[in-house]
Amino acid sequence: MRFAERAPNTDRGPCRIYVKPVPDGQERPAGSCDRHLPLRLAWLGDDALAISPDGEMLAFSRHTARETADVHTQDLRTGRLRRVTFDRAYAEPEWTPDGRGLFIASRRGGAMELWAVDLTRQGEPQRLTVGLQEVMRPSAAPGLIAFTTVYSAEEIVRVSGDKETRVAAGSDYRSIDVSPSGAVSFISADPVARLWLQLPEQPPRRLRDLPLNAPRMLAFSPDGARVSLIGEAEGDADIYLV
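Residues numbered from 1 in each chain as written. Predicted model: local features only at pLDDT ≥ 70, side-chain atom pairs only at ≥ 80, totals over all residues. Heavy atoms only, no water.

Novice: Which residues make up the layout of surface pockets, and what values go with them?
Specialist: One number sums up the size of the second largest pocket: a volume of about 210 Å³. Around the second largest pocket, the lining comprises 14 residues; the ones closest to its centre are R83, V84, F86, Q122 and G123. Looking at the lining of the second largest pocket, the elements that each hand over two or more residues are β7 (81-83) and β10 (111-118). (1 Å grid on protein atoms, 1.4 Å probe; cavity = no way out; pocket = protein on both sides within 12 Å on 5 of 7 lines; lining within 4 Å. Points joined across faces, edges and corners; volume = space filled by probe spheres on them. Helix = DSSP H or I, 4+ residues; strand = E, 2+ residues; numbered from the N terminus.)

Novice: Before we move on, can you summarise empty space enclosed by the protein with the specific residues and values?
Specialist: Under the defined criterion, the tally for this structure stands at 1 cavity of 30 Å³ or more. Looking at the largest cavity, its volume works out to about 40 Å³. Looking at the largest cavity, the residues that line it are T85, D87, A91, I104, S106, R108, W115 and P125. In terms of residue count, the dominant contributor to the lining of the largest cavity is strand β9 (residues 101-109) (3 residues). In the lining of the largest cavity, the residues fall into 4 nonpolar, 2 polar and 2 charged. (Nonpolar A, V, L, I, M, F, W, Y, C, P; charged D, E, K, R; others polar.)

Novice: Can you tell me about the pattern of salt bridges, naming the residues and giving the values?
Specialist: Applying the stated criterion to the full structure yields 7 salt bridges. Here R77 and D75 are joined by a salt bridge, their closest N and O atoms 3.1 Å apart. The class of D75 is buried, set by a relative accessible area of 12%. Residues E232 and R216 are paired through a salt bridge, measuring 3.3 Å at the closest nitrogen-oxygen approach. (Salt bridge = Lys/Arg side-chain N within 4 Å of Asp/Glu carboxyl O. Buried < 20%, exposed > 50% of the residue type's maximum accessible area, 1.4 Å probe, protein only.)

Novice: Help me get a handle on unusual backbone geometry, residues and values and all.
Specialist: Even without being a glycine, E201 presents a positive backbone phi close to 65°. Note that E201 resides in the loop between β18 (193-198) and β19 (205-209). Among the residues examined, E201 registers a relative accessible area of 68% and is labelled exposed.

In structure tokens form, the structure reads like this:
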């Protein structure tokens with residue numbers, strides 16, 4: 001699990017990024033950031049955190065200005081930092097299921113599109129989607145990647161091989177994650193925040209309403225049996241398990 005922590009009762013100022021094995025592991029610092037808004041890590045600092053499948057690497061976007069960032073990785077054992085992209089374009093990384101590369105939703109080509117980069121060799125990111133509008137929040141499992149996109153309204157799309165399936169449409173989708181078995185979970189907020197689950201070849205099923213402010217950063221457990229998310233109640237941001 002990864003999360004950012006700031007001083008109590010403050011919406012601005014510096015914060016620290018932590019990783020924590022669950023359910024009983026000891027949290028450890030993984031980097032620093034600048035908390036600008038309650039909804040996300042700041043325009044200046046580190047954002048869009050993703051832990052590798054083996055739990056040993058962190059991928060994130062490092063912002064130098066609003067909508068300007070490059071993807072980096074950090075070895076959580078040694079602290080070694082590597083810059084992956086050099087185009088200063090807003091980006092959201094997600095690890096490939098084998099941990100050897102990244103899927104990146106990025107504006108490096110102008111529009112927000114999906115790219116892939118192989119971390120085992122030198123080379124430029126390769127574009128995976130053309131014509132889809134505002135591809136964001138990628139999440140991957142073996143043989144499958146899901147993300148949100150915009151046609152006439154915001155949608156969630158899963159892509160497996162040459163098959164593209166529209167999972168949901170017409171709401172404000174705050175977060176999305178894919179389990180190792182290919183289930184897609186997501187949070188809608190239009191206007192009530194709700195948690196959903198979509199199994200392969202089945203329609204989405206509403207799991208529950210979320211009586212929280214700004215629920216976000218949804219993540220499946222490694223066995224796919226539970227999800228964690230961050231939400232705010234009575235002004236405090238906490239981590240919840242469902």
